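Examining the three-dimensional arrangement
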Amino acid sequence: MSTPEQNKAVLERYYEECLNKGNLDVIYEGATEDHISHGTAANGKEGVEHLKEWVRLQRASFPDLHVTVDDWILEGNKVVSRFTARGTHTGDDYAGLIPAQGRKLEIPGIVIDEFDDAGKIVESWFSMDSYDLATQLGAFDAPPA
């Protein structure tokens, strides 16, 4: 059985290598094939491929994406990470809806990851203020006159 500290190490590697550097294949090391992700799509999505695609889309919109974990909470087989995501929207339209305008993003969020006995993530609950994100990206700005 993995320890809480080993589970945290899996996430530290995921944040640094996958989210911050774009090495998407690190996802296969840390998550089960049937991983369930809540908060990255309506009603949750299953499969490590969904998680990989979600990260790819974030990095495609924010090529300089950098996520810093501000707090860790380790409890049994769950790890909570309170983070701040920063980046510049210079890439793809965000969520296919918000065109890039070169705006800076700085937004906090929380993820709760549940691990199996082998130390792989089986389920994740992701929460971030989507309204704040859309506002920072200019989604609600008045159109040019």
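Sequence order sets the numbering: in each chain, residues are counted from 1 along the sequence as written. This being a predicted model, a pLDDT of at least 70 is required before a residue's local features are given, and a value of 80 or more before pairs of side-chain atoms are given or counted; all residues contribute to the totals for chains, interfaces and linings. Note that the side-chain values use all heavy atoms of the structure and ignore hydrogens as well as water.

The name recorded for the protein in an unreviewed UniProt entry is Ester cyclase, from Streptomyces rapamycinicus.

Definitions used throughout: a 1 Å grid over protein atoms alone; a cavity as a set of points that fits a 1.4 Å probe which cannot get out; a pocket as an open set with protein on both sides within 12 Å along at least five of seven lines; a lining residue as one with an atom within 4 Å of a point. Grid points are joined across faces, edges and corners, and a volume is the space filled by probe spheres set on the points. There is about 350 Å³ of room inside the largest pocket. Taken together, 18 residues line the largest pocket, and the ones lying closest to its centre are Thr40, Trp54, Gln58, Tyr94 and Ala95. Sorting the residues of the lining of the largest pocket by element identifies α3 (48-61), β6 (121-128) and α4 (130-136) as the ones contributing at least two each. Secondary structure is summarised from DSSP: a helix means a run of H or I of at least four residues, a strand means a run of E of at least two, and numbering begins at the N terminus for each. Ranked by the residues each element gives to the lining of the largest pocket, the list is headed by α3, at five residues.

Now for empty space enclosed by the protein. In the structure shown here, the tally under the stated rule is two cavities of 30 Å³ or more. There is about 350 Å³ of room inside the largest cavity. Residue lining of the largest cavity: 29 residues in total, with Tyr14, Leu19, Trp54, Val111 and Phe126 positioned closest to the centre. Taken together, the elements giving at least two residues each to the lining of the largest cavity come down to α1 (4-20), α2 (26-30), β1 (31-38), α3, β4 (78-88), β5 (104-115) and β6. When its volume is computed, the second largest cavity comes out at roughly 30 Å³. If you trace the second largest cavity, you find it lined by Met1, Ser2, Asn7, Gly76, Asn77, Phe115, Asp116 and Asp117. When residues are sorted by character, Ala, Val, Leu, Ile, Met, Phe, Trp, Tyr, Cys and Pro go into the nonpolar class, Asp, Glu, Lys and Arg into the charged class, and all the rest, Gly among them, into the polar class. Partitioned by chemical class, the residues of the lining of the second largest cavity number two nonpolar, four polar and two charged.

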